[in-house]
Amino acid sequence: MLTLLKRALWLPLCLSMVLPASAYQVLPGQSPAAPGNANAAAADPLGRHTPSGTLYGFLQAAQAGNYSTAAQYLQMSAARRESQGEDVASKMKVVIDRAFTGDLRQISNQPEGTPQEGMSLDRQRVGNLNSGDVDVPLILVRVVDPEGGKIWLISHDTLSRLPELYELAAVHQVEAHLPQFLVLHQFAGLPLWQWLALLLAIPVAALLGWLVVQFLRLPWYFWARYRGRAIAQAWSSFVRPLWLVLGTLAHRILMGYVRLPVLQRHRYQQVAGVVALIGANWLLWRVLREVLRSVRQRALLSGRMGTSSLMILGERVLKAAIVLLAIFAILGTLGFNLTTLLAGVGIGGLAIAFAAQKTLENLFGGVSVLGD
């Protein structure tokens with residue numbers, strides 16, 4: 001039991017390592033405007049010049065309880081916005097939080113949007129709203145605003161289905177069956193009951209992951225009986241990374257039933273993705289180490305010292321590649337633009353190659369000799 005509790009601490013530890021990084025991450029809708037978009041950004045202080053800016057701006061205003069500002073992101077007449085805007089915005093926030101399906105990272109951050117099949121150039125489908133048997137596309141429309149120029153708004157077509165969607169979403173509200181203090185009090189945009197569910201799901205996910213690991217241990221040991229003790233010992237190096245991956249997967253499945261708000265769900269998915277990537281690369285590292293160790297031992301037993309030396313070099317190179325791939329994958333999961341970074345790495349690699357030309361010649365010459 002003590003061992004299980006120690007293992008259960010790995011998941012919250014990894015979450016605590018990556019949460020600070022995600023907190024400072026720039027959201028897609030908040031990315032700095034390109035030089036060509038500076039005039040558009042300045043013309044509309046609400047950031048509605050891009051589809052992502054409109055959706056993120058609406059969600060952030062509604063999450064802060066500023067429904068009068070959130071109503072400015074809805075396509076409706078000035079008179080209706082004045083009389084019903086706050087009520088419509090609050091209901092739209094509830095529906096998006098509970099019924100939105102889609103990838104926020106795929107929403108266009110360009111003023112013209114992204115051409116989509118079956119959609120005109122002034123319309124963008126950024127996701128779906130699924131509640132019960134009702135499936136409504138969440139569509140943004142580009143209109144001309146007298147003060148802000150061309151801006152994107154949540155379309156009238158989507159708003160026309162809002163009463164039906166809200167009624168279905170309200171029927172399935174968990175909050176109606178919970179104490180009010182857990183529903184009314186919030187921290188970082190999440191009500192207390194969802195924080196409680198998030199924390200309670202960690203040991204449950206850890207236990208489920210541990211049970212799956214124990215289940216997978218059985219066929220491994222049956223195979224190890226025919227392959228020798230070394231195979232059985234190798235399993236112990238796979239347990240923790242495999243548990244981390246399975247525990248993270250179980251936690252994501254459990255949190256799917258909690259229905260986090262869209263912005264918090266996006267951040268949670270990023271954090272869970274980072275933890276899963278850490279576990280997957282950790283597992284790949286351990287598998288690579290055990291495989292190359294087995295090959296190296298066979299080479300030593302057969303008297304091939306050159307092969308053993310080559311395996312050591314290859315292991316170090318592959319481990320370095322795993323670390324670099326993990327870093328790039330984590331940065332991509334957190335939403336950073338990798339194009340500039342990859343270009344910089346490519347230029348830096350060329351500079352190093354020219355500066356260390358003789359060293360690289362000796363390195364590849366040595367590898368060639370060992371290979372022969």
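Residues numbered from 1 in each chain as written. Predicted model: local features only at pLDDT ≥ 70, side-chain atom pairs only at ≥ 80, totals over all residues. Heavy atoms only, no water.

Q: What is the right way to look at the overall build of the protein in this model?
A: Scanning the protein from N- to C-terminus turns up 15 helices and six strands. With 372 residues in all, the protein has 37% of them scored as buried. Considering only contacts in the protein between residues 6 or more positions apart, those separated by 24 or more positions represent 66%. Looking at the protein as shown, the accessible area adds up to about 21,100 Å², and 64% of this sits on carbon and sulfur atoms. (Helix = DSSP H or I, 4+ residues; strand = E, 2+ residues; numbered from the N terminus. Buried < 20%, exposed > 50% of the residue type's maximum accessible area, 1.4 Å probe, protein only. Contact = heavy atoms within 4.5 Å. Areas by Shrake-Rupley, 256 points an atom, 1.4 Å probe, with all protein chains shown as cover.)

Q: Mind showing me how you'd approach the environment of Leu254 here?
A: Inspection of the secondary structure assignment puts Leu254 in helix α11 (residues 229-256). With 50 residues separating them in the primary sequence, Leu254 and Val204 have C-alpha atoms 8.9 Å apart. Once you skip the residues sitting within four places of it in the chain, Leu254 turns out to touch Ala201, Val204, Ala205 and Leu208.

Q: It is not clear to me how the nonpolar core should be interpreted in this structure. Could you clarify?
A: Burial of nonpolar side chains together is a common tendency in soluble globular proteins. Of all hydrophobic cores here, the largest spans 32 residues; its most connected members are Leu55, Phe58, Leu74, Ile96, Leu129, Leu138 and Ile154. Apart from the residues lying within four places of it in its own chain, the contact partners of Ile154 are Thr54, Phe58, Tyr73, Leu74, Gln75, Met92, Leu138, Ile139, Leu140 and Leu159. Counting residues in hydrophobic clusters, the runner-up holds 11 residues, among them Val183, Leu198, Val258 and Tyr268. (Core = buried A, V, L, I, M, F, W, Y, C linked by side-chain atoms within 4.5 Å.)

Q: What is the right way to read a nonpolar patch on the surface from this model?
A: The grouping of Val204, Leu207, Leu208 and Leu211 at the surface amounts to a nonpolar patch, some 310 Å² of accessible area in total. With respect to the helices and strands, the residue Leu208 is situated in helix α10 (residues 192-227). On the accessibility criterion, Leu208 (38% relative accessible area) is partly exposed. (Patch = residues over 30% accessible without salt bridge, like charges linked within 9 Å, V, L, I, M, F, W, Y side chains within 5 Å. Salt bridge = Lys/Arg side-chain N within 4 Å of Asp/Glu carboxyl O.)

Q: How should I be thinking about the sheet that holds strand β1 (residues 100-101) in this particular structure?
A: Backbone hydrogen bonds are what pair the strands of a sheet, in a parallel or an antiparallel way. With antiparallel pairing, four strands are arranged side by side in an open sheet as β1-β2-β3-β4. The open sheet has two free edges, formed respectively by β1 and β4 (149-154), since each of these has just one partner strand. As judged from the six bridges shared by strand β3 (residues 134-145) and β4, these two strands associate in the antiparallel manner. By the bridge assignment for β4, Val143 is matched with Ile151. Lying over the sheet, helix α4 (residues 51-63) contacts β2 (123-131), β3 and β4, oriented at roughly 55° with respect to β4. Against the sheet, helix α6 (residues 78-99) contacts β1, β2, β3 and β4, and its axis sits at roughly 75° relative to β2. (Pairing = 2+ DSSP bridges. Axes fitted to C-alpha atoms, helices over the stretch in contact; angles between N-to-C directions.)

Q: Please explain the side chain of Arg48 as it appears in this structure.
A: Positionally, Arg48 belongs in the loop between α3 (38-43) and α4. Residue Arg48 is classed as buried on the basis of its relative accessible area of 7%.

Q: What exactly am I supposed to notice about the confidence of the model for the protein here?
A: Detailed reading of the predicted model is not advised wherever pLDDT is low. Residues of the protein with pLDDT of at least 70 account for 70%, and the chain-wide mean is 78. Under a pLDDT of 50 for its full length, residues 1-41 has, in the predicted model, 56 contacts with residues more than four places off or in other chains. (pLDDT = per-residue confidence, 0-100.)

Q: Would you take a moment to explain the pattern of salt bridges for this structure?
A: Where side chains of opposite charge bring their charged atoms close, a pairing between them can arise. Using the criterion set out here, one finds seven salt bridges in the structure. Salt-bridge contacts for Asp87 lead to Lys91; the nearest nitrogen and oxygen are separated by 3.5 Å. With a gap of four residues between them, Asp87 and Lys91 both fall in helix α6, about one helical turn apart. Taking relative accessible area as the criterion, Asp87 reaches 41% and is therefore assigned partly exposed.

Q: For this particular structure, what's the right way to read the environment of Arg161?
A: Here Arg161 shows up in the loop between α7 (156-160) and α8 (162-171). Expressed as a C-alpha distance, the spacing of Arg161 and Val136, which sit 25 residues apart in the sequence, is 7.5 Å. Those residues in contact with Arg161, other than ones at most four positions away along the chain, are Val134 and Val136. In this structure the side chain of Arg161 is engaged in a polar contact, spanning 3.3 Å, whose partner is the side chain of Glu164. (Polar contact = N/O pair within 3.5 Å; in protein donor to acceptor, adjacent residues only side chain to side chain.)

Q: What exactly am I supposed to notice about the pairing of β2 here?
A: As a general feature of sheets, a regular strand has side chains that alternate between the two faces. Looking at chain direction, β1 and β2 are connected through two bridges and run antiparallel. Along β2, the bridge assignment pairs Phe100 with Leu129. Relative to β3, β2 is paired through eight bridges, and the arrangement is antiparallel. Note that in β3 the partner of Asn128 across the bridge is Pro137.

Q: How do you make sense of the packing of α4 against α6 when you look at a structure like this?
A: When two helices pack together, their arrangement is given by the angle between the helix axes and the distance between those axes. Here α4 crosses α6 at 110°, and the two axes come no closer than 10 Å. In terms of orientation, α4 and α6 fall into the roughly perpendicular class. The segment α4 lies against α6, with Leu55, Phe58, Leu59, Ala62 and Gln63 engaging Ala89, Met92, Lys93 and Ile96. The residue inventory of the contact of α4 with α6, partitioned by class, reads seven nonpolar, one polar and one charged. (Parallel < 35°, antiparallel > 145°, perpendicular 65-115°, else oblique. Nonpolar A, V, L, I, M, F, W, Y, C, P; charged D, E, K, R; others polar.)

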